[in-house]
Amino acid sequence: LKVKPEICCFPPREGEEYFGQHLIAFSMRHLVSSGHVLSTMDVRFEREAGDLYKELTNLGFAHEGIPEELGGSWSFINSMRWCRKQAAYEREHNYRQQVQAASTATANTTPNFLSAPSSNLKHESAHDKLRRKRAINLIHSRKKRERRQKEEDTLVEERGKFAAENKRLLTEHTRLKRLWEEATASVSSLGLPI
C-alpha cells in the first residue's frame, strides 16, 4: 500500500502549545512501522493566514473537511456528533431489519404483540405478555438513551461555546489590563495624581 501524506503545519495561536512536530514524527513512525511504503510527502506551511485553506481547497478538500483553525468548518465535536448520529441511525436501521425479518418469519405463527388490539390482549398467553412487555421496555429504553445522548451533545456544544467565550473574555481582559497600565503610566509620567 502506497501512502502519500499531505501534512499541514501552521503556527500555534498565542498561548497554545505547538505539538505538530511531535505529531508528524509519531505519524511517520507509525506508517513506516506498520509496513506502509511512503512515496513522496508534501509538508505545507502556513506563512500568512489563509495560505493553507487556499492550498487545501485547490487540492479538492471541501470547506466542511478543513479544520476551523485553518478557515474551514470541520471540528472534532461536530465529527463526533455525526458519528454518534450515524451509529444511532445504523442501529435503528439494523433493528428495524431484524424486527421485519422476525415478523416475516413468524407471521403465520405469532401475532403482532406490539400493536395487538385490546380485545386480543385479554387472550394473550403469559409468554406473549412477557414478549410484549420486553419489546415495549426495549423501545422505551432506546428512546431514553437517544434523549440522554441529545442532552449530552447539547451540553458538549454549550461547553465549547462557553470555553470559546471564556477565552475571548480572557484575551479582552489582558488587553484592557495592558491599556490600563499604559494609561496609568502616562498619567503618572505627567505628574498627575491617579
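Conventions used here
Residues numbered from 1 in each chain as written. Predicted model: local features only at pLDDT ≥ 70, side-chain atom pairs only at ≥ 80, totals over all residues. Heavy atoms only, no water. Helix = DSSP H or I, 4+ residues; strand = E, 2+ residues; numbered from the N terminus. Buried < 20%, exposed > 50% of the residue type's maximum accessible area, 1.4 Å probe, protein only. Contact = heavy atoms within 4.5 Å. Areas by Shrake-Rupley, 256 points an atom, 1.4 Å probe, with all protein chains shown as cover. Patch = residues over 30% accessible without salt bridge, like charges linked within 9 Å, V, L, I, M, F, W, Y side chains within 5 Å. Salt bridge = Lys/Arg side-chain N within 4 Å of Asp/Glu carboxyl O. pLDDT = per-residue confidence, 0-100. Expected span 1.5 Å × (residues − 1).

### Digging into the overall build of the chain
On a plain count of helices and strands, the chain comes out with five helices and four strands. The order of α-helices and β-strands along the chain, N terminus first, is β-β-α-β-β-α-α-α-α. Buried residues in the chain amount to 13% of all 194 residues. The long-range share in the chain, meaning contacts at least 24 apart out of those at least 6 apart in sequence, stands at 49%. By element, 58% of the accessible surface of the chain is carried by carbon and sulfur atoms, the whole surface being about 15,700 Å².

### Regarding a nonpolar patch on the surface
Side chains of Trp-74, Phe-76 and Met-80 sit close together on the surface and give an oily, nonpolar patch of about 310 Å² of accessible area. Mapping Phe-76 onto the fold places it in helix H3 (residues 76-105).

### A look at the confidence of the model for the chain
For any part of a model where pLDDT is low, the fine detail of the predicted coordinates should not be relied upon. This prediction gives the chain a mean pLDDT of 75; 67% of its residues lie at or above 70. For the chain, per-element mean pLDDT is lowest for helix H4 (residues 118-121), which scores 52, and highest for helix H5 (residues 126-189), which scores 89. The low-confidence segment residues 107-111, where pLDDT is below 50, has two contacts with residues more than four positions distant or belonging to other chains.

### Digging into H5
Working note: α-helix, 3.6 residues per turn, so residues spaced by three or four point in the same direction. Here H5 spans 93 Å end to end across 64 residues, near enough to the 94 Å set by a 1.5 Å rise per residue. Here H5 has its buried residues at Asp-128, Arg-132, Ala-135, Arg-142 and Asp-153. Within two residues after H5, Gly-191 carries a phi angle of roughly 85 degrees, on the positive side.

### Things to note about the environment of Ile-77
You can see Ile-77 is positioned in helix H3. Remark: the alpha-carbon pair of Ile-77 and Glu-157, spanning 80 residues in sequence, is separated by 7.6 Å.

### Comments concerning the pattern of salt bridges
Enumeration over the complete set of coordinates arrives at eight salt bridges. In this structure, Arg-168 and Glu-165 form a salt bridge, with 2.7 Å as the shortest nitrogen-oxygen distance. Taken together, the residues Arg-168 and Glu-165, both in helix H5 and three residues apart, mark about one turn of the helix. Looking at Glu-165, the relative accessible area reads 34%, which means it is partly exposed. A salt bridge links Glu-172 to Arg-175, with the shortest nitrogen-to-oxygen separation between them at 2.8 Å. Of this pair, Glu-172 and Arg-175 are both found in helix H5, three residues apart, which corresponds to roughly one turn of the helix. Residue Glu-172 is classed as partly exposed on the basis of its relative accessible area, which comes to 29%. Classification of Arg-175 as partly exposed rests on a relative accessible area of 36%.

### What about the side chain of Asp-153?
By the element assignment, Asp-153 lies in helix H5. Ignoring any residue separated from it by four or fewer positions in sequence, one finds Asp-153 in contact with Arg-81 and Arg-84.

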